[in-house]
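Residues per chain are reported as follows:
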Amino acid sequence: MSLEQQLIEQLNQLEPSHLEVINESSGHGGYFPGKESHFKVVIVSEQFAGLRLVQRHQKVYAVAQELLSPGKIHALAIHAYMPSEWQGQAPASPECAHAPKS
């Protein structure tokens, strides 16, 4: 099973009303087809009620912990929202300084 699918399975523990897992590995240095190292997560869940942003991130890290080890996921961008905060769009990811140049 791919890292992306494993990450989705883990994040479903947070009972999201909206979940996007985007493999952004191709925009980073050392990319080759099939590489899974950099992900962006957009997650909307009632489980974030009453939590500050850092606590929401900690909750996401806790469920994804086994995937955040050497040789697996190198970077995880997290956009965690309550349903009342979700506007339907997360911010764009910045360009990587080491991204392959065209």
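Per chain, residues are indexed from 1 in the order of the written sequence. The model is predicted, so local features are restricted to residues of pLDDT at least 70 and side-chain atom pairs to those at 80 or more, both for listing and for counting; the totals for chains, interfaces and linings are taken over all residues. Calculated side-chain values reflect all of the structure's heavy atoms, with hydrogen atoms and water omitted.

(A) The environment of glutamate 4, seen in detail. Within the secondary structure layout, glutamate 4 lies in helix α1 (residues 3-11). For every residue, the accessible area obtained with a 1.4 Å probe (protein chains only) is divided by the maximum for its type, and the residue is called buried under 20%, exposed over 50%, and partly exposed between those limits. Glutamate 4 sits in the partly exposed class, given a relative accessible area of 25%. With 18 residues separating them along the chain, glutamate 4 and isoleucine 22 place their C-alpha atoms 8.0 Å apart. The contact criterion used throughout is that any non-hydrogen atoms of two residues lie within 4.5 Å. With residues up to four places along the chain from it excluded, the contact list for glutamate 4 reads Val21, Asn23, Glu36 and Phe39. Numbered from the N terminus, helices here are DSSP runs of H or I no shorter than four residues, and strands are runs of E no shorter than two.

(B) How the structure looks around the nonpolar core. Definition used in this section: a nonpolar core is a set of buried Ala, Val, Leu, Ile, Met, Phe, Trp, Tyr and Cys residues joined via side-chain atoms within 4.5 Å. Ranked by size, the top nonpolar core spans 18 residues in total, and within it Leu7, Leu11, Ile43, Val60 and Leu76 carry the most contacts. Among the elements of the structure, α1, β2 (38-44), α2 (53-64) and β3 (75-81) are those that each provide at least two residues to this core.

Honestly, it's all geometry; don't read function into it.
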